[in-house]
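# Architecture at a glance
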Amino acid sequence: MCGIVGYTGHRQAYPVILKGLKRLEYRGYDSSGVALLKDGVLNVYKKKGKVAELEESMIGKNIDAQIGIGHTRWATHGEPSDRNAHPHSSKSGKIAMIHNGIIENYALIKQELVNKGYSFTSDTDTEVLLNFIEDIKNNNECSLEEAIRIALKRVTGAYCILVVEQDNPDTIIAARKGSPLVIGIGKGEHFLASDASPIIEYTKEVVYVNDYELAIVKPDELILKNIGNEKITPFITKLDMELAAIEKGGYDHFMLKEIFEQPSTIFDCLRGRLDSKESTIKMSGVDLNIEHIINANRIMIVACGTSWHAGLVAEYIIEELCRIPVEVEYASEFRYRNPIVNKGDLIIAISQSGETADTLVALEKAKEDGAFIFGVVNAVGSSIARISNAGAYTHAGPEIGVASTKAFTGQLAVLIMVALSIAKHKGTITDARFNELLVEMEQIPEKVDSILKNAEQLKVIAEKYKDASDFLFLGRGYNFPIALEGALKLKEISYIHAEGYPAAEMKHGPIALVDENLPVVFIATKDQYHEKIVSNMQEIKARKGKIISIITEGDKVSAELSNDCFAIPTADEIIAPLLTVIPLQLLSYYVGIAKGIDVDKPRNLAKSVTVE
Ligand code: M6R
């Protein structure tokens, strides 16, 4: 939610910031803006809409500056508009600030300021925090840094802020709690951003700022302090990411590129971990903590959205293979209800971004209660990765499209390996079955590749059904969560209403929706449920619903029952979700495109949901 970029150094700041904002646009695209500081003059430019609209509005403006901050917004407080866009300026006009997060007690602080005669030009919590900082600075006659420290001690909520002031011509002050901040270290220059994508082009040396830390950033100096004003030695990390990974590489959209990357991202995820010849799975996060893991009384999986769907698949697999009870919770529910978490419980946190606020706070709570946290995260060095006691990265590379695709299959691949590894250590799987599944896993990248070769078939199906107002997605067993995922993907990027259901539940209600206008997508691959799902297809056909099915190659029965079908290679039912989800991703993509939607940036969404 919201992307922030800052630069101080010897280059022109605006081009660096603009390019950075474009890379961070997946985090929000309701409005954007920049503040540029030159010779004691602070120029603030902002515009409702995507970064391209800001760029256009900047033609002819004075952009000469070697220091500046920029923001791309996902609206929380106040509608998307020019006046609610960041950066905000303080009452005196001498300080400008950008903010990612939410100040929960802003109304109280605002009232205090109103009582003192302040008025506000926006509806944002950010403008309140900024004026609160300026008020403290004026009253205490202290430095901006000191004022920020005092203000942040009073604030509840989440923030990453970047602040510049007229009287400090080369300094950006940054602070974070709950929202990410990375600082890139160059020669005589520093880059600040919500993630490393705006930085990677200039330097690979970065510092991940932690919660309750303040950074005072000048071209030649980076000072890190805690909120108590004690200096901290910055821990420099080398980025393991290439620029190509965050560019479209010839594809029309990031989403399509990311769907097509899956043979290699799944391969990368398995590489060095799973070896069928040696009959081993090596995952240090599991192996080094195996006692903890196999002795867990139960496993709780905490996640949101697509990651939650990966958790549901994992529930079925872990219970089947490891015989450990598993519960899957929406992080947003888990954190606000009063869940029973006991010492010895294992929490598996799943997150692509590693920054999802609901998941992060749920984990903090569970950790306090003594749970052991195992993170399944894609973004290296992210907050969830860092708060976890152990974990395994999905190695899918940066995922830019708002709709999660390759991160999901990475999560499934990791979770299957974790389940197999636990089962092996616990002795709940035979050697023969273990080996059989390892061999099948190694074949997955090739099978995904063969599905992608037939992508055009899904384009044709998408064209046929793009004008439907509703869709139903049905699956059973390991493919029930894939039905949910198929429905979520379609909703997100085509704005078509879609529901996912366990196929057998259909007769308990949703069947009332079926008529000749309703496309019903069945995941009807050959597995233990196949006969039953064929019966469910008959029930839809009898009511004239349009059946689109994902079937196993050679399954004539399902093909004949379907109006349209897409065949995938055979796979063991435990790992079949790694295949069945691929045609659903493509179907959504092609429907979204056919409807003229910007699938990488669908309305109202943001990639990384860092507000509660
Ligand atoms: O980064 P996370 O995996 O924690 O994000 C969780 C959800 O916000 C995310 O999966 C969301 O549902 C995606 N837009 C789905 O495509």
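Scoring rules and cut-offs
- Residues numbered from 1 in each chain as written.
- Predicted model: local features only at pLDDT ≥ 70, side-chain atom pairs only at ≥ 80, totals over all residues.
- Heavy atoms only, no water.
- 1 Å grid on protein atoms, 1.4 Å probe; cavity = no way out; pocket = protein on both sides within 12 Å on 5 of 7 lines; lining within 4 Å.
- Points joined across faces, edges and corners; volume = space filled by probe spheres on them.
- Nonpolar A, V, L, I, M, F, W, Y, C, P; charged D, E, K, R; others polar.
- Phe/Tyr/Trp six-rings, centres within 6.5 Å; stacked < 30°, edge-to-face > 60°.
- Helix = DSSP H or I, 4+ residues; strand = E, 2+ residues; numbered from the N terminus.
- Buried < 20%, exposed > 50% of the residue type's maximum accessible area, 1.4 Å probe, protein only.
- Polar contact = N/O pair within 3.5 Å; in protein donor to acceptor, adjacent residues only side chain to side chain.
- Contact = heavy atoms within 4.5 Å.
- Pairing = 2+ DSSP bridges.
- Lys, Arg positive; Asp, Glu negative; His and termini not counted.
- Salt bridge = Lys/Arg side-chain N within 4 Å of Asp/Glu carboxyl O.
- Domains from an automatic or database assignment.
- Axes fitted to C-alpha atoms, helices over the stretch in contact; angles between N-to-C directions.
- Near = heavy atom within 4 Å.
- Areas by Shrake-Rupley, 256 points an atom, 1.4 Å probe, with all protein chains shown as cover.
- Sits in = over half its atoms within 2 Å of the grid points.
- Buried area = accessible area lost by both parts, 1.4 Å probe.

If you roll a probe as big as a water molecule over the atoms, it shows you where there is empty space left. Taken as a whole and assessed by the stated rule, the structure comprises 5 cavities of 30 Å³ or more. Lining the second largest cavity, in full, are Thr525, Lys526, Asp527, Thr552, Ile568, Pro569, Thr570, Ala571, Glu573, Ala576 and Leu579. The residue makeup of the lining of the second largest cavity, split by class, is 5 nonpolar, 3 polar and 3 charged.

On to the packing of aromatic side chains, then. As enumerated under the stated definition, the model contains 7 aromatic pairs in all. When the ring of Tyr7 is compared with that of Phe191, the centres are 5.1 Å apart and the planes differ by 50 degrees; the resulting orientation is tilted. Separated by 184 residues along the polypeptide, Tyr7 in strand β1 (residues 3-8) and Phe191 in strand β10 (residues 190-193) bring together distant segments of the chain. On the accessibility criterion, Tyr7 (0% relative accessible area) is buried.

Let us look at the side chain of His530. Its place among the elements puts His530 in helix α18 (residues 530-542). A distance of 3.1 Å separates the side chain of His530 from the side chain of Ser558, its partner in a polar contact. With residues near it in sequence (within four places) discarded, His530 still touches Ala524, Thr525, Asp555 and Ser558.

As a further point, take the sheet that holds strand β8 (residues 172-177). Within the open sheet, the 7 strands sit side by side as β5-β6-β7-β8-β12-β13-β14. Their pairing is antiparallel. With one partner strand each, in any of the chains shown, β5 (88-89) and β14 (231-232) form the two edges of the open sheet. Both strand β12 (residues 213-218) and strand β13 (residues 221-226) contribute to a ladder of 6 bridges, which runs antiparallel. Paired with Lys218 across the strands is Glu221, a residue of β13.

In this model, His86 is joined to Pro87 through a cis peptide bond whose omega is 0 degrees. Mapping Pro87 onto the fold places it in the loop between β4 (67-73) and β5. With a phi close to 45 degrees, Glu141 is a non-glycine residue in the positive phi region. One non-glycine residue with positive phi stands out, namely Asn229, at about 75 degrees.

What follows concerns the side chain of Arg476. Inspection of the secondary structure puts Arg476 in the loop between β23 (470-475) and α17 (480-494). One buried charged side chain, Arg476, makes no salt bridge at all; its nearest oppositely charged neighbour is Glu539, positioned 6.9 Å away. With residues up to four places along the chain from it excluded, the contact list for Arg476 reads Ala503, Ala504, Tyr529, Lys532, Ile533 and Asn536.

A few words now on the layout of surface pockets. Counted as a void, the largest pocket has a volume near 960 Å³. Elements with a contribution of two residues or more to the lining of the largest pocket: β15 (236-238) and α7 (262-270). For the lining of the largest pocket, the leading source of residues is α7, giving 3 residues. The residue inventory of the lining of the largest pocket, partitioned by class, reads 16 nonpolar, 13 polar and 14 charged. Looking at the lining of the largest pocket, you find at least three residues from each of domain 1 (3-245) and domain 2 (248-453). There is about 550 Å³ of room inside the second largest pocket. If you trace the second largest pocket, you find 26 residues lining it, with Cys304, Gly305, Thr306, Lys607 and Val609 closest to the centre. Among the elements that take part in the lining of the second largest pocket, helix α10 (residues 305-322) stands out by supplying 4 residues, more than any other. Across the lining of the second largest pocket, the residue classes break down as 10 nonpolar, 12 polar and 4 charged.

Take Glu258: it is sitting in helix α6 (residues 254-260). What makes Glu258 buried here is its relative accessible area of 1%. Taking the C-alpha atoms as reference points, Glu258 and Lys406, 148 residues apart in sequence, are found 5.8 Å from one another. Filtering out sequence-adjacent residues up to four positions away, Glu258 remains in contact with Pro398, Glu399, Ile400, Gly401, Thr405 and Lys406.

On to the sheet that holds strand β20 (residues 346-351). Pairing is parallel in the open sheet, where 5 strands are placed in the order β19-β18-β20-β21-β22. Of all the strands in the sheet, just β19 (326-330) and β22 (390-393) have a single pairing partner and so form its edges. The mean inter-strand angle of the sheet, taken between neighbouring strand axes irrespective of direction, is 20 degrees. As defined by bridge partners, strand β21 (residues 372-377) adjoins β22 across 4 bridges and the pair is classed as parallel. Residue pairing for β22: Val377 is matched across the bridge by Tyr393. Where α10 meets the sheet, it contacts β18 (299-303), β19 and β20, and its direction lies at approximately 170 degrees from that of β19. Where helix α12 (residues 357-368) meets the sheet, its contacts fall on β18, β20 and β21, and the angle it forms with β20 comes to roughly 165 degrees.

Before going further, it helps to spend a moment on the site of the ligand. Inspection of the region around the ligand gives 15 residues, with Ser307, Ser351, Ser353, Thr356 and Glu492 positioned closest. Interatomic distance of 2.6 Å between a side-chain N/O atom of Ser351 and an oxygen atom of the ligand. Contact between the ligand and Val402: a nitrogen atom at 3.2 Å from a main-chain N or O atom of the residue. Protein coverage of the free-state accessible area of the ligand, which is 410 Å², stands at 92%. Most atoms of the ligand, that is more than half of them, are within 2 Å of grid points of the second largest pocket.

Let us now look at the domain arrangement of the protein chain. When the parts of a complex come together, some accessible area is lost, and that lost area is often taken as the interface size. What the domain assignment lists for the protein chain is domain 1 (3-245), domain 2 (248-453) and domain 3 (454-601). Put simply, the middle of domain 2 and the middle of domain 3, counted by C-alpha atoms, are 24 Å apart. The interface of domain 2 with domain 3 comprises 41 residues on the first partner and 35 residues on the second. Summed over both sides, the interface between domain 2 and domain 3 buries roughly 3300 Å², with carbon and sulfur atoms accounting for 71% of that surface. For the pair domain 2 and domain 3, the number of links is 1 salt bridge. The partner of Asp572 in a salt bridge is Arg433, and the shortest N-O contact between them spans 2.7 Å. Between domain 2 and domain 3 we count 16 residue pairs in polar contact (both at pLDDT 80 or more) in total.

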